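Letter by letter, the chains look like this.
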There are 2 protein chains.
Amino acid sequence: MTKWSPILWEMDDDRVFKALADRTRRFLLDLLYARDGRTLTELESEVSMTRFGVAKHLKVLEEADLVVVRRSGREKLHYLNPVPIRLIHDRWIDKYAAPRLAALTELKRELEQRDDH
Amino acid sequence: MTKWSPILWEMDDDRVFKALADRTRRFLLDLLYARDGRTLTELESEVSMTRFGVAKHLKVLEEADLVVVRRSGREKLHYLNPVPIRLIHDRWIDKYAAPRLAALTELKRELEQRDDH
DNA sequence: AAAATAGGTGACCATTTGGTCACGTGTCAA
DNA sequence: TTGACACGTGACCAAATGGTCACCTATTTT
């Protein structure tokens, strides 16, 4: 229905949400958020799963454009792309409510800290 | 691992992402984003699915805390809760990158508009 | 050139998920 | 109080998903 401009990127929202629906894939995003540009083998070593499983998950993340890759010889470096996440946010949170919400989530974080020890 | 403060709300991140992974459920959130406080019957009329299907989806959204309900007699009014969405955003987008990203997504939106007609 | 390294493919199986239906409960109005 | 209305439950089936494996290609190193 919507014609997307292919100039910057393509976002298929179903692919993105399906990609985020799996714990392992979210953990892979966490790893890349902490440090970008890792190879499949390096990521595999952080997850208790075979290389094949991890490769499959990374492929799903790529196709959702949540992860972008750069090839370097026989290695494939993985990078986190935050744009689709930002679009999720913008879909259900309006500009004027955002600051108040940010304050609330901040408060939540503080309460957690206080609880943690 | 993290002890959550039950004071404000509980967030099970898996429930949230699984809930968002379905097109119909996202559409229900869109409907509630446009106008809050609707009943099951009203929401059902907007979707080509039986009442049972819609009820099941709403239950999933409730359990994920993406929708909160208020009972009024025999009716059940549904409201959108943006907090879990905000938490998704905060997980993978750092505070300093957010403004630049917002500009990018804004540009994207403009390009779409230009394309659309 | 041979061996080691990094990654890809298609098939397979167990489990989960989406949607429908028959039936049941609580609330309101005539 | 009787019937209409708003919603909930448990069973059921087809389809999609997560994970593993045997086997494959391409690049680098010795």
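Residues numbered from 1 in each chain as written. Chains lettered and ligands numbered in written order. Predicted model: local features only at pLDDT ≥ 70, side-chain atom pairs only at ≥ 80, totals over all residues. Heavy atoms only, no water.

Caption draft 1: Structural detail: the protein's contact with DNA strand D. Taken together, 20 residues are adjacent to DNA strand D, and Lys56(A), His57(A), Thr41(B), Arg51(B) and Lys76(B) come closest. Counting only atoms of DNA strand D within 4 Å of the protein, the sugar-phosphate share comes to 57%. Separating a phosphate oxygen of DNA strand D from a side-chain N or O atom of His57(A) is a distance of 2.4 Å. Between DNA strand D and Lys76(B), the relevant distance is 2.6 Å, taken from a phosphate oxygen to a side-chain nitrogen or oxygen of the residue. (Near = heavy atom within 4 Å. Polar contact = N/O pair within 3.5 Å; in protein donor to acceptor, adjacent residues only side chain to side chain.)

Caption draft 2: Examining the confidence of the model for chain A more closely. All names here are of chain A. Mean pLDDT over chain A stands at 85; residues scoring 70 or higher make up 83%. When pLDDT is averaged over each helix and strand of chain A, the minimum, 70, is found for helix α6 (residues 98-116) and the maximum, 97, for helix α4 (residues 51-63). In this model residues 1-10 is a low-confidence stretch, pLDDT under 50, and it forms 20 contacts with partners more than four residues away in sequence or in other chains. (pLDDT = per-residue confidence, 0-100. Helix = DSSP H or I, 4+ residues; strand = E, 2+ residues; numbered from the N terminus. Contact = heavy atoms within 4.5 Å.)

Caption draft 3: Here's a closer look at the protein's contact with DNA strand C. With respect to spatial proximity, 21 residues lie near DNA strand C, and among them Thr41(A), Arg51(A), Lys76(A), Lys56(B) and His57(B) are the closest. Backbone sugar and phosphate groups make up 56% of those atoms of DNA strand C lying within 4 Å of the protein. Take Leu40(A): an N or O atom from its main chain is 3.3 Å from a phosphate oxygen of DNA strand C. Residue Thr41(A) places a side-chain N or O atom 2.3 Å away from a phosphate oxygen belonging to DNA strand C. Among the secondary structure elements, those contributing two or more residues to the surface near DNA strand C are α3 (40-44), α4 and β2 (75-80) of chain A together with α4 (51-63) of chain B. Of all the elements, α4(B) adds the most residues to the surface near DNA strand C, at 4 residues.

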